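# Architecture at a glance
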Amino acid sequence: MSFSENVKKFREEKGMTQGELATRVKVAQPMIALYEKGEKVPNIFNGVRLAKALGTTCEELVAE
């Protein structure tokens with residue numbers, strides 16, 4: 001799976017909306033949508049927040 005697919009998978013497994021995840025990561029909801037579409041990737045700081053919010057690691061988010 002790609003990074004974008006992993007973000008969506010982990011988010012859905014946690015039962016979170018994009019808006020809820022965005023609040024936890026401290027980004028706007030449209031940014032989460034861009035991550036899930038594969039149009040953007042987070043900087044390292046947001047990547048770490050994203051992994052924490054999803055209960056996973058950065059390594060698992062980028063694993064193919």
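Quick summary incoming for the structure in this document.

Definitions and limits used
- Residues numbered from 1 in each chain as written.
- Predicted model: local features only at pLDDT ≥ 70, side-chain atom pairs only at ≥ 80, totals over all residues.
- Heavy atoms only, no water.
- Helix = DSSP H or I, 4+ residues; strand = E, 2+ residues; numbered from the N terminus.
- Buried < 20%, exposed > 50% of the residue type's maximum accessible area, 1.4 Å probe, protein only.
- Core = buried A, V, L, I, M, F, W, Y, C linked by side-chain atoms within 4.5 Å.
- Contact = heavy atoms within 4.5 Å.
- Phe/Tyr/Trp six-rings, centres within 6.5 Å; stacked < 30°, edge-to-face > 60°.
- Lys NZ or Arg CZ within 6 Å of the ring centre and 35° of its normal.
- Patch = residues over 30% accessible without salt bridge, like charges linked within 9 Å, V, L, I, M, F, W, Y side chains within 5 Å.
- Areas by Shrake-Rupley, 256 points an atom, 1.4 Å probe, with all protein chains shown as cover.
- Salt bridge = Lys/Arg side-chain N within 4 Å of Asp/Glu carboxyl O.
- Arc of directions from axis to C-beta.

## Observations concerning the environment of G19
Position of G19 relative to the elements: it lies in helix α2 (residues 18-25). What makes G19 partly exposed here is its relative accessible area of 30%. Through-space distance from the C-alpha of G19 to that of P30 is 8.4 Å; in sequence the pair is 11 residues apart.

## Some details on the nonpolar core
Among the nonpolar cores identified, the biggest contains 15 residues, and L21, I32, L50, L54 and L61 are the most heavily contacted of them. Contributions of two or more residues to this core are made by α1 (3-13), α2, α3 (29-37) and α4 (44-53). When neighbours within four sequence positions are excluded, L50 is seen to be in contact with F3, V7, L21, V25, I32, Y35, P42 and L61.

## Some details on the packing of aromatic side chains
Scanning the model with the defined rule gives one aromatic pair in all. A centroid spacing of 6.5 Å and a plane angle of 70° characterise the contact between F3 and Y35, whose relative ring orientation is edge-to-face. Of this pair, F3 sits in helix α1 while Y35 sits in helix α3, and the two are 32 residues apart along the sequence. Residues F3 and Y35 agree in their burial class; the two are buried. Over the ring of F10 we find K9, and its NZ or CZ is 4.6 Å from the ring centre.

## A look at a nonpolar patch on the surface
The grouping of I44, F45 and V48 at the surface amounts to a nonpolar patch, some 320 Å² of accessible area in total. Mapped onto the fold, I44 is located in helix α4.

## What about α2?
When we look at burial in α2, the residues that qualify are L21, A22 and V25. Burial along α2 is one-sided: seen end-on, the buried residues are contained in an arc of 100°. Exposed residues lying more than 90 degrees from the buried face of α2 are T23 and R24. For α2, the secondary structure elements touched by its buried residues are α1, α3 and α4. In the segment just after α2, K26 is the residue with positive phi, at about 70°.

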